[in-house]
Amino acid sequence: MNMKKFLLIVAATMMCTAAFAQKFAHVNFTELYQLMPEADKARATMAASQKEASETYQSMAEEFQTKYNSYQQKVANMTEATRAAKEKELTEIQQRIQEFEQSVQQELSQQQQQLMAPIYQKAQETVNNIAKKGGYMYVFDVSQLLYVDATQSKDITKEARKALGIPDSRTLESLQAELQAQAQAEAAK
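Remember, it's a predicted structure, so these values are computed and weren't measured experimentally.

Procedures and definitions
- Residues numbered from 1 in each chain as written.
- Predicted model: local features only at pLDDT ≥ 70, side-chain atom pairs only at ≥ 80, totals over all residues.
- Heavy atoms only, no water.
- Helix = DSSP H or I, 4+ residues; strand = E, 2+ residues; numbered from the N terminus.
- Buried < 20%, exposed > 50% of the residue type's maximum accessible area, 1.4 Å probe, protein only.
- Contact = heavy atoms within 4.5 Å.
- Areas by Shrake-Rupley, 256 points an atom, 1.4 Å probe, with all protein chains shown as cover.
- Patch = residues over 30% accessible without salt bridge, like charges linked within 9 Å, V, L, I, M, F, W, Y side chains within 5 Å.
- Salt bridge = Lys/Arg side-chain N within 4 Å of Asp/Glu carboxyl O.

1. What to know about the overall build of the chain
Item 1. The number of helices and strands found in the chain is 6 helices and 3 strands.
Item 2. For the chain, the sequential pattern of α-helices and β-strands runs α-β-α-α-α-β-β-α-α.
Item 3. Scored against the burial criterion, the 189 residues of the chain give a buried share of 22%.
Item 4. Across the chain, every contact between residues at least 6 apart in sequence was considered, and the portion connecting residues at least 24 apart equals 84%.
Item 5. Surface exposure of the chain reaches about 13600 Å², of which carbon and sulfur atoms provide 54%.

Structural data, given as structure tokens:
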């Protein structure tokens, strides 16, 4: 065996050994950014915006209904010009309502993206910092994977939760229960 072949075999062996010695970690990223205190504030802001939009829509719908009822009661005695003007007014109100619905949905979606982007970024930076400090080659998001072998990969979710100020007692299930309780309280008003 010549020296070149020997060096190639040694180099290939070292590369394989180095590849197997890499460290892997996993994290539940969805859990992180949904349970962050900042996410609670974003949800509260979104709820207030949705409530305001709903109240505005309701007001517009009531205006339409009131004018429509008045039109229905008086249509038999209206002149042709008055009837046409009232029908045009009702059509314009309906169009305003439709335009409002479309624009408010778009605005709410944009607002949610703007509120959640820095939260997502903060969670991402926290995971990146933990990965760098721990010397991990890859960090996998278990909320996106079908299977993770916990013996081959370290779960850094708890460490990231601590760094992000998420209490141990807070879970996705407890968040879901909080949100349901808030929805029920709103519905009861």
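2. Description of a nonpolar patch on the surface
Item 1. A grouping of Met137, Tyr138, Phe140 and Leu145 is seen on the molecular surface, where their side chains present a nonpolar patch of about 360 Å² in accessible area.
Item 2. Within the secondary structure, Leu145 sits in the loop between β2 (138-141) and β3 (154-155).

3. Focus: the pattern of salt bridges
Item 1. If you walk through the whole model with that rule in mind, you get 10 salt bridges.
Item 2. A salt bridge links Arg161 to Glu31, with the nearest nitrogen and oxygen atoms 2.5 Å apart. Taken together, the residues Arg161 in helix α5 (residues 157-163) and Glu31 in helix α2 (residues 29-35) connect sequence positions 130 residues apart. Summarising the burial analysis for this pair, Arg161 and Glu31 share the class buried.
Item 3. Between Glu87 and Arg83 there is a salt bridge, with the nearest N and O atoms lying 2.9 Å from each other. Of this pair, Glu87 and Arg83 both sit in helix α4 (residues 80-134), separated by 4 residues, roughly a single helical turn.

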